[in-house]
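Coordinate analysis (summary)
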Amino acid sequence: MNILENIYSRRNIKKFKPDMVEPEQINKWLEAGTMAPNHKMTQPWEVYMIGPETRTILNHKTNFCQAPVVLAILSKHGSTEIETYENALATACFVQNLNLAAWAEGVGTFWSSMGYAAKNREIMGIPDGYDCIGVFGIGYPEEISQPKERTAIQEKIKYLP
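Structure report, in brief. From a predicted model like this one, the values you see are computed outputs, not experimental measurements.

Re the sheet that holds strand β3 (residues 108-112)
- Reading across the sheet, the four strands line up as β1-β2-β4-β3 and stay open at both edges, with antiparallel pairing between neighbours. The open sheet has two free edges, formed respectively by β1 (45-50) and β3, since each of these has just one partner strand. Going from strand to strand, the sheet's axes swing by 30° on average, the running direction of each strand aside.
- Relative to strand β4 (residues 130-139), strand β2 (residues 69-76) is paired through eight bridges, and the arrangement is antiparallel. Residue pairing across strands places V70 opposite G137, the latter belonging to β4.
- This element, helix α2 (residues 23-33), spans β1, β2 and β4 of the sheet and lies at about 160° to β1.
- In the packing of helix α4 (residues 81-103) onto the sheet, contacts are made with β1, β2, β3 and β4, and the angle to β2 comes to roughly 155°.

Re the pattern of salt bridges
- Tallying each qualifying case throughout the model produces two salt bridges.
- Where K28 meets E105, a salt bridge forms, and the shortest distance between an N and an O atom there is 2.7 Å. Residue K28 is found in helix α2, and its partner E105 is found in the loop between α4 and β3; the two are separated by 77 residues along the sequence.
- Given a relative accessible area of 43%, K28 falls into the partly exposed group.
- Since its relative accessible area comes to 35%, E105 is described here as partly exposed.

Some thoughts on α2
- Among the residues of α2, those classed as buried are Q25, I26, W29, L30 and G33. End-on view of α2: buried residues confined to an arc of 135°, all on one side of the axis. Residues E24 and E31 are exposed on α2 and point more than 90 degrees away from its buried face.
- Against β1, β2, α4 and β4 lie the buried residues of α2.

Details of the packing of α2 against α4
- Running from N to C, α2 and α4 point in directions that differ by 140°, and their axes come no closer than 7 Å. When the axes of α2 and α4 are compared, the pair comes out oblique. Seen from above, α2 lies across α4 with right-handed handedness. From α2, W29, L30, A32 and G33 reach across to α4, where they touch F94, N97, L98, A101 and A102.
- In terms of residue class, the contact of α2 with α4 is made up of seven nonpolar, two polar and no charged.

As for the side chain of S75
- With respect to the helices, strands and loops of the structure, S75 is situated in strand β2.
- Within the local environment of S75, its side chain forms a polar contact with the backbone nitrogen of A88, the two atoms lying 3.4 Å apart.
- In this structure S75 touches P44, N87, A88, T91, G129, Y130, D131 and I133, once residues within four positions along its chain are discounted.

A few points about the environment of N59
- Examined against the element boundaries, N59 turns out to sit in the loop between α3 (52-58) and β2.
- For N59 and N120, which are 61 residues apart along the polypeptide, the C-alpha to C-alpha distance reads 9.5 Å.

Focus: a nonpolar patch on the surface
- A contiguous nonpolar patch, built from I3, L4, I7 and Y8 and spanning about 460 Å² of accessible area, is present on the exposed surface.
- Inspection of the secondary structure assignment puts I3 in helix α1 (residues 3-9).

Parameters and conventions
- Residues numbered from 1 in each chain as written.
- Predicted model: local features only at pLDDT ≥ 70, side-chain atom pairs only at ≥ 80, totals over all residues.
- Heavy atoms only, no water.
- Pairing = 2+ DSSP bridges.
- Helix = DSSP H or I, 4+ residues; strand = E, 2+ residues; numbered from the N terminus.
- Axes fitted to C-alpha atoms, helices over the stretch in contact; angles between N-to-C directions.
- Contact = heavy atoms within 4.5 Å.
- Salt bridge = Lys/Arg side-chain N within 4 Å of Asp/Glu carboxyl O.
- Buried < 20%, exposed > 50% of the residue type's maximum accessible area, 1.4 Å probe, protein only.
- Arc of directions from axis to C-beta.
- Parallel < 35°, antiparallel > 145°, perpendicular 65-115°, else oblique.
- Left-handed = near helix turned anticlockwise from the far one by under 90°.
- Nonpolar A, V, L, I, M, F, W, Y, C, P; charged D, E, K, R; others polar.
- Polar contact = N/O pair within 3.5 Å; in protein donor to acceptor, adjacent residues only side chain to side chain.
- Patch = residues over 30% accessible without salt bridge, like charges linked within 9 Å, V, L, I, M, F, W, Y side chains within 5 Å.
- Areas by Shrake-Rupley, 256 points an atom, 1.4 Å probe, with all protein chains shown as cover.

Right under this line is the structure:
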């Protein structure tokens, strides 16, 4: 699949098969994540692999759509406000690389923002000085939804003099 097909076909998966994803595959996709642009090579991302005990305590309303693998992606704060901002953007790029690398091999992801909540940060042991960019279910899709309609990019472009 070429990169544009990959981008246009990728979906947030809401129902996963129970089949386990090999750790080597996940590591390969995480490694692809590290190729994300990051200002001054801060490499601000951290990955927490969520085990069954923590997953149960987190008590996600859909149990991460039954994904066999759950992980959290964190972004380290910088020494300045702008560096913290840049780090969060870089970590979002890391996530997109991870999502696209997995999707290219038939594996989907489910992105939840539940890591933002103080209670969930405490459960996962996220230290001060980090933002949780998301908690992700990863697995083979049981269902792939149709794309939702998007606003035409022409309506989002502003030309400056």
